[in-house]
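Working through the structure, step by step
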Amino acid sequence: MNEWADQTAQARAWFENLRDQICAAFESIEREAGSDAAFQYTPWERVEEGNDDPGGGTQGLMKGKVFEKVGVNVSTVRGNFPKEFAATVNGADPDNPGFTATGISLVAHMTNPHVPAVHMNTRFLTTGKAWFGGGADLNPPVPFEEDTEEFHAQFRAACAAHNPTYYEKYKKWADDYFYIPHRKVHRGVGGIFYDHLECGDPQAFERNLAFTQDVGKAFLEIFPKLVRKRMDSEFSAEDEAQMLEYRGRYAEFNLVHDRGTIFGLKTGGNIDAILMSLPPRATWS
């Protein structure tokens, strides 16, 4: 794993820079809405017995007028997977459970039901292998077809700049992944999802880092635009009820099926940061 230390540091620097850009953009939207809401940052340290340098992260959380609840977390951790979990991770096994992981994770739940909720995550992991993963997906309680198309168009362009096969492949992966089997519905209107974008050499790392950076830039370009388009629109009590019921579905997926939630819990992550994806209000009928 030490052979990837420089690359882990480079990826970490990008994720933290992206965090700063996103949080500034979201706070700017709150200013436009007449709110003084700002992100509150809470650092945390990971604990692992026998590990003198397990790493940690920072949870960023804002509750405002436009963003009812938004979390933007960054973390860099290292250590050993529990043996039974190591068998499920790319490049790891019970006899070689060591890992490093650095990444950014974002979930926004909006006050206005016409503004879509959103998720974005990108990460770099090393075990016996090294790879990038991540993506972004739109989760509107009240869908607007034009918003869906604009969101997908932004990521279609980001993918096309790197590989003509990426968008269709990663769109399908998102459609398959963000599905709630027990409800037989998709969590939202999709986006892209990729994993195990492997870095067998420094050139592959640079190529895959560049793609991952463009995924982050695509999110930063499109999502604030969608927020500004819808944040002042009028909505009904029925719209809000639909949003709260939808949030229940979102919570079910994240607690039962989400890989990031499972990874964080299995590797001793900060519980509040892991569960920041849960909505502040939800209903189940």
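Preceding this paragraph is the structure being described.
Residues numbered from 1 in each chain as written. Predicted model: local features only at pLDDT ≥ 70, side-chain atom pairs only at ≥ 80, totals over all residues. Heavy atoms only, no water.

1. Here we look at unusual backbone geometry
Phi angles above zero are rare outside glycine, and Lys184 is one such case at about 60 degrees. As for its position among the elements, Lys184 is in the loop between strand S7 (179–180) and strand S8 (185–186). By relative accessible area, which is 63% here, Lys184 ends up exposed. Located in the positive-phi region is His196, a residue other than glycine, with phi close to 55 degrees. Within the fold, His196 resides in strand S9 (residues 190–198). The partly exposed category is assigned to His196, whose relative accessible area is 38%. (Helix = DSSP H or I, 4+ residues; strand = E, 2+ residues; numbered from the N terminus. Buried < 20%, exposed > 50% of the residue type's maximum accessible area, 1.4 Å probe, protein only.)

2. A closer look at the environment of Ala157
Of note, Ala157 is situated in helix H3 (residues 145–160). Linking Ala157 and Asp95, residues 62 residues apart in sequence, is a C-alpha distance of 42 Å.

3. Quick notes on the packing of helix H1 (residues 5–32) against helix H5 (residues 202–230)
Between H1 and H5, the least distance of the axes is 11 Å, while the angle of their chain directions is 5 degrees. Relative to H5, H1 is oriented roughly parallel. The residue inventory of the contact of H1 with H5, partitioned by class, reads 14 nonpolar, 7 polar and 4 charged. (Axes fitted to C-alpha atoms, helices over the stretch in contact; angles between N-to-C directions. Parallel < 35°, antiparallel > 145°, perpendicular 65-115°, else oblique. Nonpolar A, V, L, I, M, F, W, Y, C, P; charged D, E, K, R; others polar.)

4. A closer look at the sheet that holds strand S6 (residues 130–139)
Taken in spatial order, the 7 strands make up an open sheet running S1-S2-S3-S4-S5-S6-S9, and their pairing is antiparallel. Since the sheet does not close on itself, it has two edges, and those belong to strand S1 (40–45) and S9, each with one partner. Across the sheet, the axes of successive neighbouring strands diverge by a mean angle of 5 degrees, strand direction being ignored. Two elements, strand S2 (residues 55–62) and strand S3 (residues 67–80), share 8 bridges in a ladder whose sense is antiparallel. In the sheet register, Leu61 faces S3, and the bridge partner there is Gly71. Strand contacts of helix H6 (residues 237–256): S3, strand S4 (98–110), strand S5 (117–126) and S6, with the helix running at about 170 degrees to S4, the strand carrying the most contacts. (Pairing = 2+ DSSP bridges. Contact = heavy atoms within 4.5 Å.)

5. Quick look at the packing of aromatic side chains
One pass over the full model with this rule turns up 27 aromatic pairs. Each ring, one from Phe39 and one from Tyr41, has its centre 6.1 Å from the other, and the planes form 20 degrees; the classification is stacked. Residue classification places Phe39 among the buried positions, given a relative accessible area of 5%. Taking the centre distance of 6.0 Å and the plane angle of 85 degrees together, the rings of Phe178 and Phe193 count as edge-to-face. Of this pair, Phe178 sits in the loop between helix H4 (166–177) and S7 while Phe193 sits in strand S9, placing them 15 residues apart in sequence. With respect to class, Phe178 is no different from Phe193; both count as buried. Members of the aromatic cluster, connected to one another through ring pairs, are Tyr166, Tyr170, Trp173, Tyr177, Phe178, Phe193, Tyr194, Phe211 and Phe253. The cationic tip of Arg156 hangs over the ring face of Tyr167; the distance from NZ or CZ to the ring centre is 4.9 Å. (Phe/Tyr/Trp six-rings, centres within 6.5 Å; stacked < 30°, edge-to-face > 60°. Lys NZ or Arg CZ within 6 Å of the ring centre and 35° of its normal.)

6. Observations concerning the packing of H3 against H5
Running from N to C, H3 and H5 point in directions that differ by 160 degrees, and their axes come no closer than 9 Å. Looking at the two axes, H3 sits roughly antiparallel to H5. Note that H3 runs across H5; the crossing there is right-handed. Together, Glu146, Asp147, Glu150, Phe151, Gln154, Phe155, Ala158 and Cys159 of H3 and Phe211, Asp214, Val215, Ala218, Phe219, Glu221, Ile222, Leu226, Lys229 and Arg230 of H5 make up the contact between the two elements. Classifying every residue of the contact of H3 with H5 gives 10 nonpolar, 1 polar and 7 charged. (Left-handed = near helix turned anticlockwise from the far one by under 90°.)

7. Examining the pattern of salt bridges
Considering all chains together, one arrives at 24 salt bridges under this definition. Residue Arg78 is joined to Asp53 by a salt bridge in which the shortest nitrogen-to-oxygen separation is 3.1 Å. Highlighted residues: Arg78 in strand S3 and Asp53 in the loop between S1 and S2, separated in sequence by 25 residues. Taking relative accessible area as the criterion, Arg78 reaches 24% and is therefore assigned partly exposed. (Salt bridge = Lys/Arg side-chain N within 4 Å of Asp/Glu carboxyl O.)

8. A few points about H4
Here H4 spans 16 Å end to end across 12 residues, near enough to the 16 Å set by a 1.5 Å rise per residue. Among all positions of H4, only Tyr166, Tyr167, Tyr170, Ala174 and Tyr177 are buried. The arc enclosing the buried residues of H4, seen along the axis, measures out at 105 degrees, which places them on a common side. Looking at the buried positions of H4, the neighbouring elements they touch are H3, S7, S9, H5, H6 and helix H7 (259–266). (Expected span 1.5 Å × (residues − 1). Arc of directions from axis to C-beta.)

9. With respect to the environment of Met110
If you trace the backbone, Met110 turns up in strand S4. Sequence-wise, Met110 and Ser233 are 123 residues apart; in three dimensions their C-alpha atoms are separated by 13 Å. Look past the residues within four positions of Met110 in its chain and what remains in contact with it is Val66, Phe67, Glu68, Val115, Pro116, Ala117, Phe223, Val227, Met243 and Arg247.

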